[in-house]
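Residues per chain are reported as follows:
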Amino acid sequence: MTYKETEFPQILEILINYAKKGFPLDEIVKEANKLYKNVPIYVGIVGMCVENLVREEEKENFKKGDVIIVVDKDKVYQGTVDKTDKNGNFSLKNVKIIENKKVVKIKFRSKKLFKIEKNILQKLWPSLCFKK
């Protein structure tokens, strides 16, 4: 059986769909990995669970300790519910904010820079790159 014949590609497609919605993937990937470690032989079950991992929820249903994602017009927040009040407002801790901007100028003094290498297969295994 090849990798393509397994259900792993389905999990990748689910993760891509979450990314298209603007969700931060770090917590989702951690949960997917935890699911896979619990039931490594049943990849289809892991895929089904990952597909249902993130769901829209009413704010009244959030409680302390829940990890939530808040999608705004130009920002996405991910954090853990720290406190809720009787008006339905809550505060988050360990918050990550993703802001969508068309253009940003950054001064690169003493910042760590990382690059996503898009042609890594070509560089590491050129013999596996075929013309279409």
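Residues numbered from 1 in each chain as written. Predicted model: local features only at pLDDT ≥ 70, side-chain atom pairs only at ≥ 80, totals over all residues. Heavy atoms only, no water.

Asker: Even after reading the chapter, I still don't get the layout of surface pockets, so can you show me in this structure?
Answerer: A probe as big as a water molecule, rolled over the atoms, marks out the empty space that is left. Estimates place the volume of the largest pocket at around 760 Å³. In terms of lining, the largest pocket is formed by 24 residues, of which the most central are Val54, Arg55, Val67, Ile68 and Ile69. Elements with a contribution of two residues or more to the lining of the largest pocket: α2 (26-38) and β1 (67-71). With five residues, β1 is the single largest residue contributor to the lining of the largest pocket. Its residues placed into classes, the lining of the largest pocket shows twelve nonpolar, two polar and ten charged. Each of two domains, domain 1 (1-56) and domain 2 (66-101), supplies a minimum of three residues to the lining of the largest pocket. (1 Å grid on protein atoms, 1.4 Å probe; cavity = no way out; pocket = protein on both sides within 12 Å on 5 of 7 lines; lining within 4 Å. Points joined across faces, edges and corners; volume = space filled by probe spheres on them. Helix = DSSP H or I, 4+ residues; strand = E, 2+ residues; numbered from the N terminus. Nonpolar A, V, L, I, M, F, W, Y, C, P; charged D, E, K, R; others polar. Domains from an automatic or database assignment.)

Asker: Sorry if this is basic, but what is going on with the sheet that holds strand β3 (residues 90-99) here?
Answerer: In any sheet, the strands associate via hydrogen bonds between backbone groups, in a parallel or an antiparallel arrangement. Spatially, three strands are ordered β1-β2-β3 in an open sheet, and the strand pairing comes out antiparallel. Two strands bound the open sheet, and with one partner strand each, they are β1 and β3. With direction set aside, neighbouring strand axes in the sheet form an average angle of 25°. Relative to β3, strand β2 (residues 75-84) runs antiparallel, the two being bridged by eight bridges. Pairing of lysine 83 across the sheet is with serine 91, part of β3. (Pairing = 2+ DSSP bridges. Axes fitted to C-alpha atoms, helices over the stretch in contact; angles between N-to-C directions.)

Asker: Just to check I follow, could you spell out the pairing of β1 for this structure?
Answerer: The two faces of the sheet receive side chains in turn, since in a regular strand these alternate between them. In the sheet, β1 pairs with β2 via five bridges, with the strands oriented antiparallel. Counted as the bridge partner of valine 67 is threonine 80 from β2.

Asker: It is not clear to me how the packing of helix α1 (residues 8-20) against helix α3 (residues 43-51) should be interpreted in this structure. Could you clarify?
Answerer: Two measures define how a pair of helices packs: the angle their axes make with one another and the distance between the axes. Where α1 contacts α3, the two axes come as close as 9 Å, and the packing angle between them is 10°. Classed by the angle they form, the pair α1 and α3 counts as roughly parallel. Residues Phe8, Gln10, Ile11, Ile14, Leu15 and Tyr18 of α1 form the contact with α3, whose own contacting residues are Val43, Val46, Gly47, Val50 and Glu51. When grouped by side-chain class, the residues that make up the contact of α1 with α3 number eight nonpolar, two polar and one charged. (Parallel < 35°, antiparallel > 145°, perpendicular 65-115°, else oblique. Contact = heavy atoms within 4.5 Å.)

Asker: Sorry if this is basic, but what is going on with the nonpolar core here?
Answerer: Buried together is how nonpolar side chains tend to be arranged in soluble globular proteins. Ile11, Ile14, Leu15, Tyr18, Phe23, Ile28, Ala32, Val43, Val46 and Val50 together form the largest nonpolar core, which totals ten residues. Counting only elements with at least two residues in this core, the list comes to α1, α2 and α3. Counting residues per element, this core draws most heavily on α1, which supplies four residues. When residues no more than four places from it in sequence are discounted, the contact partners of valine 46 are Ile11, Ala32, Leu35, Tyr36 and Val39. (Core = buried A, V, L, I, M, F, W, Y, C linked by side-chain atoms within 4.5 Å. Buried < 20%, exposed > 50% of the residue type's maximum accessible area, 1.4 Å probe, protein only.)

Asker: Please clarify how the packing of aromatic side chains should be interpreted in this entry.
Answerer: Geometrically, a pair of aromatic rings is defined through the distance of the ring centres and the angle of the planes. This model, assessed by the stated rule, comprises three aromatic pairs. Ring centres 5.3 Å apart and planes at 65° place the aromatic pair phenylalanine 8 and tyrosine 36 in the edge-to-face group. Within this pair, whereas phenylalanine 8 is found in helix α1, its partner tyrosine 36 is found in helix α2, the two being separated by 28 residues in sequence. Owing to a relative accessible area of 30%, tyrosine 36 belongs among the partly exposed residues under this scheme. An angle of 75° between the planes, with centres 5.5 Å apart, marks the rings of phenylalanine 62 and phenylalanine 90 as edge-to-face. Separated by 28 residues along the polypeptide, phenylalanine 62 in the loop between α3 and β1 and phenylalanine 90 in strand β3 bring together distant segments of the chain. Judged by its relative accessible area of 28%, phenylalanine 90 is partly exposed. (Phe/Tyr/Trp six-rings, centres within 6.5 Å; stacked < 30°, edge-to-face > 60°.)

Function cannot be inferred from these measures alone, as they are strictly geometric.
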